[in-house]
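The residues making up each chain are set out below.
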Amino acid sequence: MKGREIITSLNERRNEEHQFVKWWRKENDFIDYDLIDRFIENTSGSDDIGGIELITMDDMWNEVKRIGGTRVALKHDAAGDTVTWFHKGKTGLHVNCCPFTAETLQEIYDVETKGNPVGS
């Protein structure tokens, strides 16, 4: 499918629960995840995309947990949900406590995968 067809399909199928898109190339050589709005911004009408799946926060949390393992934890409390994330930085081990948002999950996913899509 071409990028413009994908964007039309996203806009038709999307609802308030969907924050992410899981997508793959027609060669089916990798799977990637992105925030829906960022995906739309970065997709040109001529891009060749194999397929998409709309993803909820829970679905993306499961993917982040799969990629991050014990380095990520979700905490529920009266102040709101937060993600604790242990990761290596330039100056050693870092611990981040971030709000449980779509942007947080995408950032963790991007850093943990080093910006490279995962093999299918």
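These numbers were taken from a predicted model, which means no experiment stands behind them.

Draft legend 1. Fine view of the overall build of the chain. Secondary structure assignment for the chain yields four helices and seven strands. Secondary structure elements of the chain, listed N to C terminal, follow the sequence α-β-β-α-β-α-β-β-β-α-β. For the chain, the spread of C-alpha atoms along the three principal axes comes to 40 × 30 × 20 Å. For the chain, the residues scored as buried account for 39% of the 120 residues in total. Long-range pairs, those at least 24 residues apart, make up 59% of the contacts in the chain between residues at least 6 apart in sequence. Carbon and sulfur atoms provide 48% of the accessible area of the chain, an area that totals close to 7200 Å². The average position of the 15 basic charges and that of the 22 acidic charges among the side chains of the chain differ by 7 Å.

Draft legend 2. Focus on the pairing of strand β2 (residues 30-35). Burial of β2 is extensive: six of the six residues sit out of reach of the surface. Judged from the five bridges that link them, strand β1 (residues 18-24) and β2 form a sheet pairing that is antiparallel. Bridge pairing links K22 to Y33 in β2.

Draft legend 3. Main features of the sheet that holds strand β5 (residues 82-89). Read across the sheet, three strands follow the order β4-β5-β6 without closing on themselves; strand pairing throughout is antiparallel. The sheet terminates laterally at β4 (72-75) and β6 (92-99), the two strands that pair on one side only. Taken over all neighbouring pairs, the strand axes of this sheet differ in orientation by 20° on average, direction set aside. Summarising the sheet, β5 and β6 pair through eight bridges and their orientation is antiparallel. The residue of β6 that forms the bridge with T84 is C97. Packed onto the sheet, helix α3 (residues 57-68) meets β4 and β5 and runs at close to 140° relative to β4. On the sheet, helix α4 (residues 102-112) packs against β4, β5 and β6 and is oriented at approximately 25° with respect to β5.

Draft legend 4. A look at the nonpolar core. Within the largest apolar cluster, 17 residues are counted, with the highest numbers of intra-cluster contacts made by F20, M60, W61, V64 and L105. Elements supplying a minimum of two residues to this core: β2, α3, β5 and α4. Counting 10 residues, the second largest nonpolar core, distinct from the first, contains L10, W23, F30 and I36.

Draft legend 5. The packing of aromatic side chains, seen in detail. The tally for this structure, following the rule as stated, stands at three aromatic pairs. Arranged with centres 5.3 Å apart and planes meeting at 70°, the rings of Y33 and Y109 form a pair that is edge-to-face. Remark: Y109 occurs in helix α4 and Y33 occurs in strand β2; sequence separation between them is 76 residues. We note that Y33, like Y109, is buried.

Thresholds applied
Residues numbered from 1 in each chain as written. Predicted model: local features only at pLDDT ≥ 70, side-chain atom pairs only at ≥ 80, totals over all residues. Heavy atoms only, no water. Helix = DSSP H or I, 4+ residues; strand = E, 2+ residues; numbered from the N terminus. Buried < 20%, exposed > 50% of the residue type's maximum accessible area, 1.4 Å probe, protein only. Contact = heavy atoms within 4.5 Å. Areas by Shrake-Rupley, 256 points an atom, 1.4 Å probe, with all protein chains shown as cover. Lys, Arg positive; Asp, Glu negative; His and termini not counted. Charge placed at Lys NZ, Arg CZ, Asp CG, Glu CD. Pairing = 2+ DSSP bridges. Axes fitted to C-alpha atoms, helices over the stretch in contact; angles between N-to-C directions. Core = buried A, V, L, I, M, F, W, Y, C linked by side-chain atoms within 4.5 Å. Phe/Tyr/Trp six-rings, centres within 6.5 Å; stacked < 30°, edge-to-face > 60°.

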